[in-house]
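# Descriptive analysis of the structure
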Amino acid sequence: MNIRMRILAGSFLALTLAVLGMLHILWGSGIPFPAASFGELGGAVVPSGIWPSPALTFLVAAALSGASVAVVLRMINLSRSRSILTPWLIFASYALAVVFALRSILGFLISSGLWGINPADATFHRWDLLAYSPLCLLLALCALALARQRDSNVNSALDSRT
């Protein structure tokens with residue numbers, strides 16, 4: 001995969017994580033956007049239908065925002081020589097890929113009923129099958145693309161300039 005595609009994947013990943021982080025900040029602040037109430041939002045976003053505490057919502061917002069920053073740093077790191085942060089940024093990218101892949105797989109299994117659990121709240125599980133799990137799979141693939149070391153042709157181009 002060339003570096004432009006990896007930057008595109010990273011840009012999509014960083015932007016999506018930032019938007020999700022902002023949504024969680026809104027929700028933690030007491031704004032149930034885009035729903036009319038937290039009861040309605042909880043039914044569509046939370047498997048149990050019970051909205052979590054603001055503290056937990058802000059914790060998720062911080063994790064998503066931190067992940068977005070790590071993705072941006074990894075994209076900057078792609079076009080430069082190795083730095084002290086490179087191994088950590090690669091690890092963070094792989095960790096994101098694993099987390100989102102697991103979320104996607106479990107979402108598909110549970111929401112489809114293949115796990116053996118009868119989904120109680122049809123609204124969440126419908127959205128999970130149509131949007132949340134596929135998005136998590138796409139985010140996992142983007143993180144995996146970003147985690148890879150630089151392409152050999154980029155390394156040789158950088159070596160020839162020195």
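In what follows, the accompanying structure is described. (Residues numbered from 1 in each chain as written. Predicted model: local features only at pLDDT ≥ 70, side-chain atom pairs only at ≥ 80, totals over all residues. Heavy atoms only, no water.)

## A few points about the environment of Ile-110
This is how it is decided: Numbering of helices and strands runs from the N terminus, with a helix taken as a DSSP run of H or I at least four residues long and a strand as a DSSP run of E at least two residues long. Summary of the burial criterion: residues with accessible area below 20% of their type's maximum are buried, those above 50% are exposed, and those between are partly exposed, where the area comes from a 1.4 Å probe applied to protein chains only.
When you line up the elements, Ile-110 lands in helix α4 (residues 86–112). What makes Ile-110 partly exposed here is its relative accessible area of 27%. On a C-alpha basis, the gap between Ile-110 and Asp-128 in space is 9.4 Å, while along the polypeptide they are 18 residues apart.

## Section: helix α5 (residues 122–147)
Just so we agree on the cut-off: By this rule the span expected of a helix is its residue count minus one, scaled by 1.5 Å. The angle between axes fitted to the seven residues ending at a residue and the seven residues starting there is what we call the bend at that residue. Contact criterion: two residues are considered in contact whenever any of their non-hydrogen atoms come within 4.5 Å of each other.
Helix length check: α5 (26 residues) gives 36 Å between terminal C-alpha atoms against 38 Å at 1.5 Å per residue, within 8%. Of all the bends in α5, the greatest measures close to 55° and is centred on Asp-128. Among all positions of α5, only Phe-124, His-125, Asp-128, Ser-133, Cys-136, Leu-139, Ala-140, Cys-142, Ala-143, Ala-145, Leu-146 and Ala-147 are buried. Among the structural elements, α1 (3–28), α2 (38–45), α3 (54–78) and α4 are those in contact with the buried residues of α5.

## Here's the deal with a nonpolar patch on the surface
Here is the rule we go by: What goes into a patch is any residue over 30% in relative accessible area without a salt bridge, connected to like charges within 9 Å or, for nonpolar side chains (Val, Leu, Ile, Met, Phe, Trp, Tyr), within 5 Å. Per-residue accessibility takes into account occlusion by the displayed protein chains alone, with areas from the Shrake-Rupley method and a 1.4 Å probe. Take a side-chain nitrogen of Lys or Arg and a carboxyl oxygen of Asp or Glu: if they are within 4 Å of each other, that pair is a salt bridge.
The grouping of Tyr-94, Phe-108, Leu-129, Leu-130, Leu-137, Leu-141 and Leu-144 at the surface amounts to a nonpolar patch, some 630 Å² of accessible area in total. For Leu-137, the location among the structural elements is in helix α5.

Nothing here speaks to function; it is all geometry.
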